[in-house]
Amino acid sequence: MQEQKTQAGQVVALGTMPRPKLRILLAAPRGFCAGVERAVAVVERALTKFGSPVYVRHEIVHNRHVVDALRAKGAVFVEDLDEVPVDRPVVFSAHGVPKSVPAEATARRMTYIDATCPLVSKVHVEAERHYRAGRQVILIGHANHPEVVGTMGQVPQGAMLLVQSTTEAEQVEPADPDCIAYVTQTTLSVDDAEAIVAVLRRRFPAIVGPRKEDICYATTNRQSAVKAIAPRCDSFLVVGAPASSNANRLVEVALKAGCPAAALIESAAAIDWSRVTGSVLGLTAGASAPDRLVEEIIAAARTRYDVTVEEISVTAETVSFSLPRLLSA
Ligand code: SF4
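Residues numbered from 1 in each chain as written. Predicted model: local features only at pLDDT ≥ 70, side-chain atom pairs only at ≥ 80, totals over all residues. Heavy atoms only, no water.

(A) A look at the nonpolar core. If you look at the biggest cluster of nonpolar residues, it comprises 26 residues, and the most contacted ones within it are Val43, Ile60, Leu70 and Val91. Of all the secondary-structure elements, those providing two or more residues to this core are helix H1 (34–50), strand E4 (54–57), helix H2 (64–73) and strand E5 (75–78). Sorting elements by how many residues they give to this core places H1 first, with 7 residues. Discounting chain neighbours no more than four positions away, the residues touching Val91 are Val42, Val43, Ala46, Val54, Tyr55, Val56, Arg57, Ile60, Ile113 and Ala115. Among the nonpolar cores identified, the runner-up in size contains 22 residues, and Ala268, Leu293, Ala301 and Val307 belong to it. (Core = buried A, V, L, I, M, F, W, Y, C linked by side-chain atoms within 4.5 Å. Buried < 20%, exposed > 50% of the residue type's maximum accessible area, 1.4 Å probe, protein only. Helix = DSSP H or I, 4+ residues; strand = E, 2+ residues; numbered from the N terminus. Contact = heavy atoms within 4.5 Å.)

Rendered as structure tokens:
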């Protein structure tokens, strides 16, 4: 009989060594938000209604697993409208698009379906309202993120200023400090955005903005759930894509809330288990990551550890959005 030694020096039969204990604290809410569920449903319903291929401008949501599943059903992902044949329908992603994109689709007489999350559309409307009222708009967000490109594209080029940090908020110079407004990207860190808004309000007391930031309910709830458990965790895993803003913010929130190690991972296969230290692991998923990926991680952990799972919920979510009219019939 082959033998092996336990950490305590005890000799046991090979294959009978007790596995180390791992307690997983599962954050809730986590994973898909109402905007992502709607965007995925838009593509699926468009495929049913129009047949394949249905074109999608930009990744419908930032998650390779979601995109691959839709591709297998007949969706074709492109970066530019030029790549779409005029006789095929095209879906615009949940992040929103500049006004020039639907205008071009209309000019080319294309069928388009806008899957922009209604909470992003709300920010578009706010930005345009301020612009029409003669206010220069400051957008708090991350350069080049598709949502930021879309929001800046609601007003003429150069009319909106982008601020990404408290340092930039200290330096920004609007044309008329008494006639400005701000809006925010929906997926920012709540704490970072509050700090930036505080600088803007101090420097420009007349600035107009939302009562809170425009950060959406899903981003806020996922960050609150991470904050609630991170101080009790030895390490933290956030399921999400490298391009996902809200997933990256969850890693930062876990670290800031006191967890010594946090990492973004795309799937169970990508986990380096040697870096999962200690006996308590925090686990969550960004708003564009399906819960299946979380379940796969728990299953993978069970092959290495004696696992217990405790879900800690900070709130229940009941938000849902209806489909665009073209698809709802
Ligand atoms: S993260 Fe928020 S803004 Fe983005 S799609 Fe989800 S609900 Fe909409």
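There is more to say after this.
(B) Spatial organisation of the sheet that holds strand E9 (residues 160–163). The parallel open sheet is built from 3 strands, whose spatial order is E9-E8-E10. Each having just a single partner strand, E9 and strand E10 (180–184) make up the two edges of the open sheet. When strand polarity is set aside, the average angle formed by the axes of neighbouring strands in this sheet is 25 degrees. By the bridge criterion, 5 bridges tie strand E8 (residues 136–140) to E10 in an arrangement that is parallel. Bridge pairing in E10 places Val137 opposite Ala181. On the sheet, helix H4 (residues 118–132) packs against E8, E9 and E10 and is oriented at approximately 170 degrees with respect to E10. Docked against the sheet, helix H7 (residues 190–203) engages E8, E9 and E10, running at close to 155 degrees with respect to E8. (Pairing = 2+ DSSP bridges. Axes fitted to C-alpha atoms, helices over the stretch in contact; angles between N-to-C directions.)

(C) Highlighting the environment of Leu161. Here Leu161 is to be found in strand E9. Here the alpha-carbon distance between Leu161 and Arg249, two residues 88 residues apart in the chain, equals 22 Å. In this structure Leu161 touches Gln136, Val137, Ile138, Leu139, Met152, Val172 and Pro174, once residues within four positions along its chain are discounted.

(D) How the structure looks around the environment of Val56. Structurally, Val56 can be placed in strand E4. Separated by 221 residues in the primary sequence, Val56 and Thr277 place their C-alpha atoms 41 Å from one another. Not counting residues up to four positions away in its chain, the partners in contact with Val56 are Val43, Ala75, Val76, Phe77, Val78 and Val91.

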